[in-house]
Amino acid sequence: MSTKIKNWFKYYKKDQKVLKENSKLKSKSDSIESKKIVLLGNPNVGKSMLFNQLTGSYVTVSNYPGTTVTVDRGKFNIGAEKFEIIDSPGMYSLSSITEEERISKLMLLEEDTDILIHVVDAKNLERMLPLTLQLIEANLPIILVLNMMDEAKKVGTKINYSKLEKQLGIPVVPTTAATGQGLDLLREIIGNYHKKDKIFSVEYNEVIEGAVDKISGLIQSKYPISKRALSLLLLQEDGDVKKLIKENDGSNYEKIMLVVKETTSQFRQPLNYLFRLRLQKNATELVSSTLKTEKTDKLSWGEKVSRLMINPVTGIPILLVIMYFGLYQFVGVFGAGDLVDLVESTIFGEWINPIVTDFVVNNIPFVALQELLVGEYGIWTLGVTYATAIILPIVGTFFLIFSIMEDSGYLPRLAMLINRVFNLIGLSGRAVIPMVLGLGCGSMATMVTRTLETPRERTIATILLALTIPCAAQLGVIFAVLAGHPSALWLWVVIMLLLYVIIGLTASKLMPGENPTFYMEIPPLRLPRPTQVLKKTYTRLIWYFKEIVPLFILISIILWALSLTGILNMMIALITPVITAIGLPIETAETFILGFFRRDYGAAGLYDIQSTLTGVQLLVSAVVLTLFMPCVAQFMVMTKERGWKISLLIAGFVVTFAFTIGFVLNWVLTTLGVVL
Amino acid sequence: MKCALCGYDFDETKRLEICQGCLGSGCKKIRCPNCGYETLPDPEIGSKIMKFLKKLKKEA
């Protein structure tokens, strides 16, 4: 019998034993009321592993009341004492942003908890302690679990647990949930838990402390968390706490909100930002006196490369190398050059399309129907040919590179690298996520902007997404179109980056606010696995193809109908003055109309007529098409997320801005006599 | 599953809601509840091919 099977039997028997024991204990102790434990902490700190270690296999999964967020509940015993344990969704702060965080906060606000276990990643103690301090402020019965101690030791981190425990005034337990190390001590502390009298206190300035005293005095009802924590959350205008106070302390609610209003008006910056700074300062002081990191020479190759990728001095050159070989050489030269040439010119141009056209012309007597199938905007000659012969090879090569970047763990490092630029333009690093998502699909990315903390950030991110972030397919085709003119390609990159910074800076000046901090877990860097990369590429390609073919066919039908009724010519005539003003031939007008329906369709149209355009015209078209109106799908999501008024304003601004930039760019390049 | 962007471990059934931007909105992409990054489920044809290849490998 192999070792794997032996181990499986060992664990199976152990699981069965735990199940039996749990079952016996359950029946014995049903009459005894169990104590409630809540596991809480950031995502990816090993909460679920700790939960499984404590409960064995006895778990029930249910939706948190009134929400779609599921919560795991389990039971276990320590001696004769019975415990119910809840694994809460990951949270970074009590001032919740996401729905998951909100559910964890509601658990604390609405349910009485006997013990709260705050699980942190020992490697990132400084970043995670602010939440511990917030929980201490809430006067909750906390045990701080420093998990992943094995990984912390590997990176040379040494923590003085007893000193930290003394300073915080709560039990601190080092564990490695993956191996079960430290769990006996945790069980012992849970079994003998008693709250200490002297606990750490975060102190704010006089104005805040005065407001906290006033609000605390006005809160009359009893709540599971302290009046101080409720007051601090009210000062941050937390919607859930406001609702709770209104329901239970309705008579004093107006007075409380008046104190909140008077206090917030005395500060230029939002209080949640100032509170976060205060908590972080305390956390940094605590860590500096209790944690030491020895410089270790045992950095793995992955960690070394990872650091190089995040550091701007080395990270930017690495990014440029990836762009040159991955995007320019592989996607642009090979995918768009060699592959498209083979598929479009030879396979479709010489073999398939002549056969299909002959068949349609010889068998279908109606000219209008012939036009619909194989005409200028025909389903086959435009829709299917664009999707298969132009988009597919380009996007296929792009997806291969993207899958390599994803599988290696480069994407989160790219996000960390971009974070610094984002802070400069007034966006939090968290906005990196919708921007990276925008490279995939702008619609989903626009939806994800809702996770940004302030309305200002959400609006700036939506503008930047609509304006300067090309989606995967569009990016691939633009690289392909400009691949034959390298100087035009690099100019396009520079112009986009420049516009990105200018628009971000302007928007942040027009809509001032705070720059929240960036939280992101960095998974380990690894060598991409060929089978995974190929599988991901194949999956993406199939999904993309399934998505675009029906759409391209539909757009072909719409264009055919518009052409048949003469509306298309009217539309082209309408935008022709603008097109000629930016120095482009009339043929490109169709490209922009296609681009409105779908960005990649417009880019494919540009690819199709690229041989008729000069380098300058190609650059101007690529810039305007990138900046131009987001596609219909993205616009619809924008209206859902930001409302019609803001979306129409953004769309109006985007179209005007795109053509203005095109005009200026063309004028500068032609005046200077630049040849690209 | 583990999100390829933020590393968040999540249950596939707890995926973020779909954006409903595209026509039909029948999209089955799995979106990380922490950051929204999209992962694609294996296409059915792909799964069948993989199963067939595994079967062939076993028989060999």
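Note that the structure is a prediction, hence the values are computed from the model and not measured.

1. Digging into the overall build of chain B
Helix and strand content of chain B: one helix and two strands. Listing the helices and strands of chain B from first to last along the sequence gives β-β-α. Looking at the 60 residues of chain B, the share that counts as buried comes to 37%. A separation of at least 24 residues holds for 27% of the contacts in chain B among residues at least 6 apart in sequence. When the accessible area of chain B is evaluated, it comes to approximately 3,800 Å², of which 57% is carbon and sulfur surface.

2. Side note on the packing of helix α14 (residues 312-363) of chain A against helix α15 (residues 367-374) of chain A
Residue and element names in this part refer to chain A. For the pair α14 and α15, interaxial distance at closest approach is 10 Å and the crossing angle is 165°. The pairing of α14 with α15 is recorded here as roughly antiparallel in orientation. Crossing of α14 over α15 shows right-handed handedness. From α14, Val356, Thr357, Val360 and Val361 reach across to α15, where they touch Gln370, Leu373 and Val374. Broken down by class, the residue content of the contact of α14 with α15 amounts to five nonpolar, two polar and no charged.

3. Looking at the environment of tyrosine 607 of chain A
Residue and element names in this part refer to chain A. In this structure, tyrosine 607 sits in helix α26 (residues 599-608). Note: C-alpha distance between tyrosine 607 and isoleucine 390 (217 residues apart in sequence) is 7.9 Å. Contacts of tyrosine 607, omitting those with residues within four sequence positions, involve Ala336, Val340, Glu344, Ile390, Ile394, Val477, Ala480 and Val481. For tyrosine 607, the side chain forms a polar contact with the main-chain oxygen of alanine 336, separated by 2.4 Å.

4. Overview of the pattern of salt bridges
All names here are of chain A. Counted according to the given criterion, the structure contains 15 salt bridges over all chains. In this structure, lysine 536 engages glutamate 406 in a salt bridge whose closest nitrogen and oxygen atoms are separated by 2.9 Å. Placement of the pair is lysine 536 in helix α23 (residues 530-565) and glutamate 406 in helix α16 (residues 379-408), with a sequence separation of 130 residues. For the salt bridge of glutamate 406 with arginine 540, the shortest nitrogen-to-oxygen distance reads 2.5 Å. You can see glutamate 406 sitting in helix α16 and its partner arginine 540 sitting in helix α23, a full 134 residues away along the chain. Each member of the pair, glutamate 406 as well as arginine 540, carries the same accessibility label: buried. Through salt bridges with shared partners, a single network forms among Glu406, Asp407, Arg529, Lys536 and Arg540.

5. Some thoughts on the side chain of lysine 105 of chain A
Checked against the element boundaries, lysine 105 of chain A lands in helix α3 (residues 99-110). Engagement of the side chain of lysine 105 of chain A in a polar contact is seen with the side chain of aspartate 238 of chain A, the distance being 2.6 Å.

6. So, the environment of phenylalanine 76 of chain A
Along the chain, phenylalanine 76 of chain A turns up in strand β3 (residues 70-78). The sequence separation of phenylalanine 76 of chain A and threonine 55 of chain A amounts to 21 residues, and the corresponding C-alpha distance is 5.3 Å.

7. Notes on the packing of aromatic side chains
The geometry of two aromatic rings is summed up by the distance between their centres and the angle between their planes. Residues and elements named next belong to chain A. Inspection of every chain in the model, using the stated rule, returns 13 aromatic pairs over all chains. Centroid distance phenylalanine 76 to phenylalanine 83: 5.4 Å. Interplanar angle 15°. Geometry classified as stacked. For phenylalanine 83, a relative accessible area of 0% gives the class buried. On the numbers, 5.5 Å between centres and 25° between planes, the contact of phenylalanine 330 with phenylalanine 334 is stacked. Within this pair, phenylalanine 330 and its partner phenylalanine 334 are both found in helix α14, separated by four residues, close to a single helical turn. Residue phenylalanine 334 is classed as partly exposed on the basis of its relative accessible area of 36%. By way of ring pairs, the aromatic residues Tyr324, Phe325 and Tyr328 are connected into one cluster.

8. Structural notes on the pairing of strand β6 (residues 142-147) of chain A
Residues and elements named next belong to chain A. A large share of β6 lies buried, amounting to six of its six residues. Alternating residues of β6 divide into Ile142, Leu144 and Leu146 and Ile143, Val145 and Asn147, and every residue in both groups is buried. As paired strands, strand β5 (residues 115-121) and β6 are joined by six bridges and run parallel to one another. What sits directly across from valine 119, in β6, is valine 145. Regarding topology, helix α4 (residues 125-137) serves as the crossover connection from β5 to the parallel β6, and that connection is right-handed. Here β6 runs beside strand β8 (residues 172-174); their pairing, made up of three bridges, is parallel. By the bridge assignment, leucine 146 is partnered in β8 with proline 174.

9. Some details on helix α20 (residues 455-467) of chain A
All names here are of chain A. The end-to-end C-alpha distance of α20, which contains 13 residues, comes to 18 Å, matching closely the 18 Å that a straight helix rising 1.5 Å per residue would cover. When you tally the buried positions in α20, you get eleven out of 13 residues, the bulk of the element. For α20, the complete set of buried residues consists of Arg456, Glu457, Thr459, Ile460, Ala461, Thr462, Ile463, Leu464, Leu465, Ala466 and Leu467.

10. Here's the deal with the confidence of the model for chain B
Residues at a pLDDT of 70 or more form 48% of chain B, whose mean pLDDT is 68. The ipTM assigned to the predicted complex is 0.75, against a pTM of 0.61.

11. Observations concerning the confidence of the model for chain A
All names here are of chain A. When the pLDDT values of chain A are averaged, the result is 82; 88% of them are 70 or greater. Here residues 1-9 is a poorly scored stretch, pLDDT under 50, and it has two contacts once near neighbours within four places are set aside; other chains count. Segment residues 18-31: pLDDT under 50, and 14 contacts once partners within four positions in sequence are set aside and those in other chains are kept.

12. Let's talk about the packing of helix α21 (residues 472-482) of chain A against helix α27 (residues 615-627) of chain A
Residue and element names in this part refer to chain A. Taken N-terminus to C-terminus, the directions of α21 and α27 make an angle of 170°; their axes are 10 Å apart at the nearest point. In this view, α21 runs roughly antiparallel relative to α27, as classed from their interaxial angle. When α21 is examined against α27, the residues Gln474, Ile478, Val481 and Leu482 are found in contact with a partner set consisting of Leu618, Leu619, Ala622, Leu625 and Thr626. Of the residues contributing to the contact of α21 with α27, the split by class is seven nonpolar, two polar and no charged.

13. Focus: unusual backbone geometry
All names here are of chain A. Of note in this structure, asparagine 139 is not a glycine but carries a positive phi near 60°. Relative to the assigned elements, asparagine 139 resides in the loop between α4 and β6. Backbone geometry places glutamate 237, a non-glycine residue, at a positive phi of 55°. By secondary structure assignment, the location of glutamate 237 is in the loop between α9 (227-235) and α10 (239-248).

The rules we used
- Residues numbered from 1 in each chain as written.
- Chains lettered and ligands numbered in written order.
- Predicted model: local features only at pLDDT ≥ 70, side-chain atom pairs only at ≥ 80, totals over all residues.
- Heavy atoms only, no water.
- Helix = DSSP H or I, 4+ residues; strand = E, 2+ residues; numbered from the N terminus.
- Buried < 20%, exposed > 50% of the residue type's maximum accessible area, 1.4 Å probe, protein only.
- Contact = heavy atoms within 4.5 Å.
- Areas by Shrake-Rupley, 256 points an atom, 1.4 Å probe, with all protein chains shown as cover.
- Axes fitted to C-alpha atoms, helices over the stretch in contact; angles between N-to-C directions.
- Parallel < 35°, antiparallel > 145°, perpendicular 65-115°, else oblique.
- Left-handed = near helix turned anticlockwise from the far one by under 90°.
- Nonpolar A, V, L, I, M, F, W, Y, C, P; charged D, E, K, R; others polar.
- Polar contact = N/O pair within 3.5 Å; in protein donor to acceptor, adjacent residues only side chain to side chain.
- Salt bridge = Lys/Arg side-chain N within 4 Å of Asp/Glu carboxyl O.
- Phe/Tyr/Trp six-rings, centres within 6.5 Å; stacked < 30°, edge-to-face > 60°.
- Pairing = 2+ DSSP bridges.
- Right-handed = clockwise from strand over helix to strand, strands pointing away.
- Expected span 1.5 Å × (residues − 1).
- pLDDT = per-residue confidence, 0-100.

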